[in-house]
Amino acid sequence: MKVLLPGGTGHVGRVLQRAFAGDGDEVVVVTRRPGAGGAVAGPRVREVGWDGRTVGEWAREVDGCDVVVNLAGRSVSCRYTPANLRQMRDSRVDSARAVGEAVAAATRPPRLWLQMSTATLYAHRFDAPNDEATGLVGGGEPGVPGYWGYSVEIARAWEAAQAEAATPATRKVALRAAMVMGPGRGSVFDVLSWLVRLGLGGPVAGGRQYVSWIHEDDFVRALRFLIGREDLSGPVNLAAPGPLPQRAFMRDLRAAWRVPVGLPATRAMAGVGAYVLRSDTELLLKSRRVVPGRLTEAGFAFAHGEWAPAARDLVRRARGARRA
Ligand SMILES: NC(=O)c1ccc[n+]([C@@H]2O[C@H](COP(=O)([O-])OP(=O)(O)OC[C@H]3O[C@@H](n4cnc5c(N)ncnc54)[C@H](OP(=O)(O)O)[C@@H]3O)[C@@H](O)[C@H]2O)c1
């Protein structure tokens, strides 16, 4: 296959570059910064430049490729200032529109366009898991800060940009992904592990809020599964079947690192921590109880369905990478 990865230079993109190139596929990374080190080394991976907003020379690569996986978007780990929120939204909507235009204009369009979305689309809730059929879309939940609605609105606009694209010859899937857990430097797992090793990996604000996650191997396996299943289109949750409360999630991660203590943090302490890390507390406090309804129904089997053994596996890999 020839696989195009717009925005494929980040944590998830590099996982996919390695996976597809490792399978013998041709990988083209579409980046705003060619040559800046975002492509993994190897004969099957190359880069082309774009501005993340408009159709240009790069669109030639769409013609005749098999699969596009669009990952582009400004990082959400930032302070939610009006300017940052606008960039978070525009970078996602504009890049998805540009991909849609390129696919629509292709003489030999790709057979599949996988568009990154997010599990953050679903409501903050504790009572029941969100799957694609019965899940509640977020925004306006009682008792949560009003600004949490922005992330939901961004996710809706992001998915709409794909859904509205007139690409009749190309199957479209929106990947409602939970946190992708891999040992790579700078990944969510890396940051959480750093906090754990500092003794700061305890419950935050009581730790009742659910954490949804997916092991990077299962993320790759799920994409391969979706590539092979011509009958699946539309939104698909990419989350392990075992989301768990943050308190338990951190306890299992501490156990995997063999760190006995994790200082609990109040909501206010989380606010200070998020500020210092130039992030936002929504990422810590929103209860993300998301499960893989459609994948499971379609027969996808997770290799890492439960967090405790997945965390042990990731710690083993992180230690191995450090030693190497
Ligand atoms: N990581 C997760 O656990 C997770 C979970 C759910 C959803 N997602 C979503 O999946 C996507 C990929 O995740 P990731 O962790 O790999 O993200 P990432 O490390 O932040 O990488 C995203 C890539 O998007 C490009 N980008 C950044 N700002 C942009 C802008 N203003 N316009 C166009 N492109 C821009 C960058 O590529 P260049 O600088 O090379 O152009 C960057 O490498 C993101 O959209 C993220 O929100 C991630």
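- In the annotation of an unreviewed UniProt entry, the entry for the protein reads TIGR01777 family oxidoreductase, and the organism field reads Streptomyces tremellae.

1. Describing the pairing of strand 6 (residues 171-177)
At step 1: With five of seven residues buried, strand 6 lies mostly within the body of the structure.
At step 2: In this sheet, strand 6 lies alongside strand 5 (residues 112-118) in parallel orientation, the contact comprising seven bridges. Across the sheet, the residue bridging to Thr 118 is Ala 177, located in strand 6.
At step 3: After leaving strand 5, the chain enters helix 3 (residues 149-163) and then returns to the sheet as strand 6, a path that is right-handed.
At step 4: With five bridges connecting them, strand 6 and strand 10 (residues 234-238) associate as parallel partners. Opposite Ala 177, over in strand 10, you have Leu 238 as the bridge partner.

2. Some words on the sheet that holds strand 2 (residues 26-31)
At step 1: Spatially, seven strands are ordered 3-2-1-4-5-6-10 in an open sheet, and the strand pairing comes out parallel. The sheet is open, and its two edges are formed by strand 3 (45-49) and strand 10, each paired on a single side. Averaged over neighbouring strand pairs, the angle between their axes works out to 25° when direction is ignored.
At step 2: Bridge count for strand 1 (residues 2-6) against strand 2 is five bridges, and the pairing is parallel. Looking at the pairing, Leu 5 lines up with Val 29 of strand 2.
At step 3: Here helix 2 (residues 82-105) sits on the sheet in contact with strand 1, strand 4 (67-70) and strand 5, set at roughly 165° to strand 4.

3. A look at the site of the ligand
At step 1: In the vicinity of the ligand lie 26 residues, with Gly 10, Thr 31, Gly 52, Gly 73 and Ser 91 positioned nearest.
At step 2: Within the residue set of the shell around the ligand, elements represented by two or more residues are helix 1 (11-22), helix 2, strand 5 and strand 7 (179-181).
At step 3: Each residue belonging to the shell around the ligand can be placed in one class, and the counts come to nine nonpolar, 14 polar and three charged.

4. Details of the pairing of strand 1
At step 1: Judged by how many residues are buried, strand 1 sits mostly within the fold: four of five residues are covered.
At step 2: Once you follow strand 1 into helix 1 and on to strand 2, the crossover reads as right-handed.
At step 3: With two bridges joining them, strand 1 and strand 4 adopt parallel strand pairing. Residue pairing across strands places Val 3 opposite Val 67, the latter belonging to strand 4.

5. Some thoughts on the environment of Ala 311
At step 1: Here Ala 311 shows up in helix 10 (residues 307-323).
At step 2: Counting along the chain gives 121 residues from Ala 311 to Asp 190, while the straight-line C-alpha distance between them is 11 Å.
At step 3: With residues up to four places along the chain from it excluded, the contact list for Ala 311 reads Asp 252, Leu 253 and Ala 256.

6. Remarks on the environment of Asn 130
At step 1: Among the secondary structure elements, Asn 130 is positioned in the loop between strand 5 and helix 3.
At step 2: Taking the C-alpha atoms as reference points, Asn 130 and Val 276, 146 residues apart in sequence, are found 32 Å from one another.
At step 3: Among residues more than four places away in sequence, those in contact with Asn 130 are Tyr 122, Ala 123, Gly 135, Leu 136, Arg 289, Val 290 and Val 291.

7. A look at the UniProt feature "domain: NAD-dependent epimerase/dehydratase" (unreviewed entry) in the protein
At step 1: Annotation from UniProt places "domain: NAD-dependent epimerase/dehydratase" (unreviewed entry) at residues 3-229.
At step 2: Helix makes up 33% of residues 3-229 and strand makes up 18%, while its end C-alpha atoms are separated by 16 Å.

8. What about helix 7 (residues 267-276)?
At step 1: Of all ten residues in helix 7, one are buried; the element is thus mostly exposed.
At step 2: A positive backbone phi angle near 55° is found at Arg 278, which sits one or two residues after helix 7.

9. Considering the UniProt feature "domain: DUF1731" (unreviewed entry) in the protein
At step 1: As recorded in UniProt, the sites labelled "domain: DUF1731" (unreviewed entry) are residues 282-314.
At step 2: The span residues 282-314 is 52% helical and 0% strand by assignment, and the distance between its end C-alpha atoms comes to 25 Å.

10. Things to note about the packing of helix 1 against helix 5 (residues 216-228)
At step 1: Between helix 1 and helix 5, the least distance of the axes is 10 Å, while the angle of their chain directions is 60°. When the axis of helix 1 is compared with that of helix 5, the two are oblique. Regarding helix 1 and helix 5, the two cross each other, and that crossing is right-handed. For the pair helix 1 and helix 5, contact is made by Val 15, Leu 16 and Ala 19 and by Glu 216, Phe 219 and Val 220, respectively.
At step 2: Residues that form the contact of helix 1 with helix 5 fall into these classes: five nonpolar, no polar and one charged.

Quick notes on the rules
Residues numbered from 1 in each chain as written. Predicted model: local features only at pLDDT ≥ 70, side-chain atom pairs only at ≥ 80, totals over all residues. Buried ≥ 20, exposed ≤ 12 C-beta atoms within 10 Å, placed from the backbone. Helix = DSSP H or I, 4+ residues; strand = E, 2+ residues; numbered from the N terminus. Pairing = 2+ DSSP bridges. Right-handed = clockwise from strand over helix to strand, strands pointing away. Axes fitted to C-alpha atoms, helices over the stretch in contact; angles between N-to-C directions. Contact = placed C-beta atoms within 7 Å. Near = placed C-beta within 6 Å. Nonpolar A, V, L, I, M, F, W, Y, C, P; charged D, E, K, R; others polar. UniProt positions renumbered as here; feature names shortened; annotations may be inferred. Parallel < 35°, antiparallel > 145°, perpendicular 65-115°, else oblique. Left-handed = near helix turned anticlockwise from the far one by under 90°.

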